[in-house]
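Given next are the chains, with one letter for each unit.
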Amino acid sequence: MIHNPSAESSPWERQAGADDKLYRAQIAYLFRNSRFYQEKLSEAGFKEAAGVGGLAEIANLPMTEKEELRASRTTWNPVGAHLASPMREVVRIYSTSGTTGAPSYIPLTRSDLANWIETSCRSYAASGVATGQKIVSTYNAGPFVAAVTLDAFNALDLCQIPVGAGNTERLMAAVQLLKPEILALTPSYALHLAEWAETRGIDIANSSITRILVAGEPGGGEPALRGRLETAWGAAVTEAMGIGDISVSLWGECEEQAGMHFSGRGFVHFELIHPETGVPVVIEDGAEGELVYTHLQHRAAPLLRFRSRDHVRLHVGTCACGRTAPRVRCIGRTDDMLIVRGVNIFPTAIREAVNEFQPAVSGVISIRPKAHGVKQAPPLPVTVELAEGAGATAELSEQIKRRIRDLLVVSTEIELVPWGTLPRSDYKSKLVDWSQAAT
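Reading the values: rules and limits
- Residues numbered from 1 in each chain as written.
- Predicted model: local features only at pLDDT ≥ 70, side-chain atom pairs only at ≥ 80, totals over all residues.
- Heavy atoms only, no water.
- Helix = DSSP H or I, 4+ residues; strand = E, 2+ residues; numbered from the N terminus.
- Rg over C-alpha atoms; globule rule 2.2 N^0.38 Å.
- Contact = heavy atoms within 4.5 Å.
- Areas by Shrake-Rupley, 256 points an atom, 1.4 Å probe, with all protein chains shown as cover.
- Lys, Arg positive; Asp, Glu negative; His and termini not counted.
- Charge placed at Lys NZ, Arg CZ, Asp CG, Glu CD.
- Polar contact = N/O pair within 3.5 Å; in protein donor to acceptor, adjacent residues only side chain to side chain.
- Salt bridge = Lys/Arg side-chain N within 4 Å of Asp/Glu carboxyl O.
- Buried < 20%, exposed > 50% of the residue type's maximum accessible area, 1.4 Å probe, protein only.
- Axes fitted to C-alpha atoms, helices over the stretch in contact; angles between N-to-C directions.
- Parallel < 35°, antiparallel > 145°, perpendicular 65-115°, else oblique.
- Left-handed = near helix turned anticlockwise from the far one by under 90°.
- Nonpolar A, V, L, I, M, F, W, Y, C, P; charged D, E, K, R; others polar.
- Pairing = 2+ DSSP bridges.
- Phe/Tyr/Trp six-rings, centres within 6.5 Å; stacked < 30°, edge-to-face > 60°.
- pLDDT = per-residue confidence, 0-100.

Trainee: How do you make sense of the overall build of the protein when you look at a structure like this?
Mentor: Tallying secondary structure elements over the protein gives 11 helices and 20 strands in all. Relative to the 2.2 N^0.38 estimate, which gives 22 Å for 439 residues, the radius of gyration of the protein is 22 Å and therefore close to what a compact globule would have. Seen through its principal axes, the protein has C-alpha atoms that stretch 65 × 55 × 45 Å. Considering only contacts in the protein between residues 6 or more positions apart, those separated by 24 or more positions represent 69%. For the protein, the accessible area works out to roughly 18300 Å², and carbon and sulfur atoms hold 52% of it. For the protein, the centre of its 43 positive side-chain charges and the centre of its 49 negative side-chain charges are spaced 3 Å apart.

Trainee: Quick question: what am I supposed to make of the side chain of Ser-34 here?
Mentor: As for its placement among the helices and strands, Ser-34 is situated in the loop between helix H2 (15-33) and helix H3 (35-43). A polar contact is formed between the side chain of Ser-34 and the backbone nitrogen of Tyr-37, at a distance of 3.2 Å. Setting aside its immediate chain neighbours within four residues, Ser-34 contacts Tyr-29, Ala-81, His-82 and Ala-84.

Trainee: In this structure, what is going on with the pattern of salt bridges? I would like to understand it.
Mentor: Any two side chains of opposite charge can pair if their charged atoms end up close together. On inspection of all chains with the given rule, the structure shows 25 salt bridges. A salt bridge links Glu-118 to Arg-122; the nearest nitrogen and oxygen atoms lie 3.0 Å apart. One end of the pair, Glu-118, and the other, Arg-122, are both in helix H5 (residues 110-125), 4 residues apart, so they sit about a helical turn from each other. Judged by its relative accessible area of 18%, Glu-118 falls in the buried class. Given a relative accessible area of 4%, Arg-122 falls into the buried group. The partner of Arg-305 in a salt bridge is Glu-271, and the shortest N-O contact between them spans 2.9 Å. Residue Arg-305 is found in the loop between strand E12 (288-295) and strand E13 (306-315), and its partner Glu-271 is found in strand E10 (residues 268-273); the two are separated by 34 residues along the sequence. Taken individually, Arg-305 and Glu-271 each receive the classification buried, so the pair is uniform in this respect. Put simply, Glu-65, Glu-290, Arg-307 and Arg-309 are held in one network by salt bridges that share partners.

Trainee: Which parts of the structure should I look at to understand the packing of helix H8 (residues 187-199) against helix H9 (residues 223-233)?
Mentor: A pair of packed helices is captured by two measures, namely the crossing angle of their axes and the spacing between those axes. Running from amino to carboxyl end, H8 crosses H9 at an angle of 45°, the nearest separation of the two axes being 10 Å. Judged on the interaxial angle alone, H9 and H8 are oblique. As H8 runs across H9, the sense of the crossing is left-handed. Note on element contacts: H9 touches H8 through Leu-225, Arg-228, Leu-229, Ala-232 and Trp-233, opposite Pro-187, Ala-190, Leu-191, Leu-193, Ala-194 and Glu-195. Split into classes, the residues belonging to the contact of H8 with H9 amount to 9 nonpolar, no polar and 2 charged.

Trainee: It is not clear to me how the environment of Leu-386 should be interpreted in this structure. Could you clarify?
Mentor: As for its placement among the helices and strands, Leu-386 is situated in strand E19 (residues 380-386). Classification of Leu-386 as buried rests on a relative accessible area of 3%.

Trainee: What's the story with the sheet that holds strand E15 (residues 338-340) in this structure? I'm lost.
Mentor: Reading across from one edge, E16-E15-E18 is the order of the 3 strands in this open sheet, with mixed pairing throughout. The open sheet terminates on both sides in strands that have one partner only, identified here as strand E16 (343-345) and strand E18 (375-376).

Trainee: How should I be thinking about the packing of aromatic side chains in this particular structure?
Mentor: Each aromatic ring pair is characterised by the separation of its centres together with the angle its planes make. Applying the stated criterion across every chain, the model contains 7 aromatic pairs. Pairing Trp-12 with Phe-262 gives two aromatic rings, centres 6.3 Å apart and planes at 85°, and the pair type is edge-to-face. You can see Trp-12 sitting in the loop between helix H1 (5-8) and H2 and its partner Phe-262 sitting in strand E9 (residues 260-262), a full 250 residues away along the chain. Residue Trp-12 is classed as partly exposed on the basis of its relative accessible area of 23%. Take Phe-262: its relative accessible area is 4%, and that puts it in the buried class.

Trainee: Whenever I open this one, the confidence of the model for the protein confuses me. Can you help?
Mentor: Note that predicted coordinates carrying low pLDDT should not be read in detail. When the pLDDT values of the protein are averaged, the result is 92; 97% of them are 70 or greater. When pLDDT is averaged over each helix and strand of the protein, the minimum, 85, is found for E16 and the maximum, 98, for E10.

Trainee: Looking at this model, I keep getting lost on the sheet that holds E19. Mind explaining?
Mentor: Paired through backbone hydrogen bonds, the strands of a sheet run either parallel or antiparallel to each other. Read across the sheet, 3 strands follow the order E17-E19-E20 without closing on themselves; strand pairing throughout is mixed. The open sheet is flanked by strand E17 (361-367) and strand E20 (412-417), the only strands paired with a single partner. Sheet twist, expressed as the average angle between the axes of neighbouring strands with direction ignored, equals 25°. Relative to E19, E17 runs antiparallel, the two sharing 4 bridges. Bridging across to E19, Ile-365 finds its partner in Val-384. Strands E17, E19 and E20 of the sheet are contacted by helix H11 (residues 394-408), whose axis makes an angle of about 140° with E20.

Spelled out as C-alpha cells, the structure:
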C-alpha cells in the first residue's frame, strides 16, 4: 500500500519547487535560532537568510560534520550549539547508538516527532505490511531513535510484539507461539537466527513469517545475502534506512525490491556528493555518491547539509508500485572504506563477492587489516568462514581471491576457517577487525 499517495505518487520533478519555500523558511529559522549555524554561515560569508538563496544554490553552503556537532557540546548544553528551540518545547530526547563514536542526543519537538513518524510510516508501509498483522521487533529501541519505528508501527495499526536484540530464544518462541507475519531486525541478526534455527532442527521456512523488514546496516539489498535469508525464512525481504541525526527511517523498499524509495519528501532534502571532494553529483539514474541531508521542517536541532557517510547507488523514475521518488541501494559507509593501492573498497562489497560462493561458505567474513588507517598495502587479509561441514581447499581460496580481484580490482589474502569460527551478531555486524593491526 502507499501510505500517503498525494506525497509519494506526485511527480518527482516538481519536488524541488515544492521544497524551495520550505527550505528558505528553514534557513531563516536557523539564522534566528541556531547559534551553531549563525556562526557557521557567517564564517562562510552568509550574513543573512536572504543572501543564502534557494535550493538551487544549496551547494554553495558549507556542509555539517558530526564531529562539529560533538565539539559544540557543553555541560550546560549537552545537545550542542545547533539546539534551536527552547527545551520546554522538546517532547522527547533520544540518543544515537554511538556505533561510530560517542552517542549524540537528539531532541524532538512535537512537530518534529510527528514528521518522523509520518516518514517512517511511508518507509515501512512500502514493504506491503497490512493493518492487523503481527510484527516482532528486535530493535533495542528504548533510548535510541529506533523507538520512533514503534510509533510508526502503531500508526500503521500493526500488532506489535517487541522483543529486543539478544533474546533469541524469547524471539523464536514468539514466532512459534504467536504466529506473527512480520519480523523487523538487522540483516546480521536475521542470518544468525536462520543458523540458530537450522542447528536446532526448527523449520522457519514454513513458519508464519511472510515479510522480513531489515534495517540498521547495509546488506539487506545484497543479492546473495537476501536470497539466503528469503530461502531460509520462506519470506520476502525488504530493507529500510535512516540516520539518527536526521530521521529514523528515510528510505523504504517496496515489494518490487528494486531499491529503497525516499520517504522524507517535504521534510528532508537530499543531495549526492563525491565523498572525497565534496563536489555535487547529478541526481540521475545510476549515480553514485554520499548522501547529504538538509532538514526542511525541523525545530529542535535542525541540520543543514549534514554528511551521512552512507555511499549509495541511485535509481530514478516511477516504480511499478506507483511511487515516484528516487530509490537507493546502500553500497557501504565512507567511514568504513579502505583504500588498497589507490582503490576504494567497501567491506560490504567484499562480503557480497564472497557470498557468490554459497553454499560452500557461510556468508560471514572478517577483514583484518595489517595496519591502522584507511590506506592498506596489498594483499588485504580476509577471513572467510566455510559452510557447516564444508572443507577448506586451496582451489576454493584461489577462486574467491580471483573473484574479488576481478570485481573490485584489489588483491586479497584469503584464509578459510571452519563454520562457527567467526562471531555472530544480534544487532550490527562488524566486518573489519582491527585487533591485529599494527599501530
